[in-house]
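A look at the structure
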Amino acid sequence: MSDPVNHPEHYTAGRFEAIEVLEDAAQHAPDPVLAGLHWQALKYLLRLWLKGNPRQDAQKSAWYLNRLIERLPQ
């Protein structure tokens, strides 16, 4: 049975639930803003093929990734 609130299908399609992957990746960020931007960019990539508009999700991921890049030290 689908649970769109706690375990949406577009987050549970693989071997690992997206939230687990995101938590593992973001824990290494040096501050919460960078962690959030990293999280968002990954989130859209993880569900890229699952929501019906991969181009839009890729563009959203790129938006967050570009914002992350702008904030990273040189």
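Whatever comes next refers back to the structure up there.
A brief look at the structure comes next. Because the structure is a prediction, the values reported are computed rather than measured. Sequence order sets the numbering: in each chain, residues are counted from 1 along the sequence as written. Only residues with pLDDT of at least 70 are given local features in this predicted model, and only at 80 or more are side-chain atom pairs given and counted; all residues enter the totals for whole chains, interfaces and linings. For the side-chain quantities, the full set of heavy atoms in the structure was used; hydrogens and water were omitted.

A few points about helix H2 (residues 32–46)
In DSSP terms, a helix is any run of H or I states spanning at least four residues, a strand is any run of E spanning at least two, and both are numbered starting from the N terminus. Multiplying one less than the number of residues by 1.5 Å gives the expected span of a helix. In this model, H2 (15 residues) spans 20 Å end to end at C-alpha, consistent with the 21 Å of a helix rising 1.5 Å per residue. Remark: exposure states derive from per-residue accessible area (1.4 Å probe, protein chains only) relative to the maximum for the residue type, with buried under 20%, exposed over 50%, and partly exposed in between. Of the positions making up H2, those classed as buried are Leu-34, Ala-35, Leu-37, Gln-40, Ala-41, Lys-43 and Tyr-44. We call two residues contacting when some pair of their heavy atoms lies within 4.5 Å. In this structure, the buried side of H2 is in contact with helix H1 (18–26) and helix H3 (54–71). Polar contact is the term for a pair of N or O atoms within 3.5 Å; when the atoms are in protein, one must be able to donate a hydrogen and the other to accept it, and sequence-neighboring residues count only if both atoms are side-chain atoms. Of the residues flanking the start of H2, the one acting as N-cap is Asp-31, its side-chain oxygen 2.9 Å from the backbone nitrogen of Val-33.

Comments concerning the environment of Glu-17
Mapped onto the elements, Glu-17 comes out in the segment before H1. Residue classification places Glu-17 among the buried positions, given a relative accessible area of 17%. Once the C-alpha coordinates of Glu-17 and Leu-46 are considered, the two residues, 29 residues apart in sequence, prove to be 9.7 Å apart.

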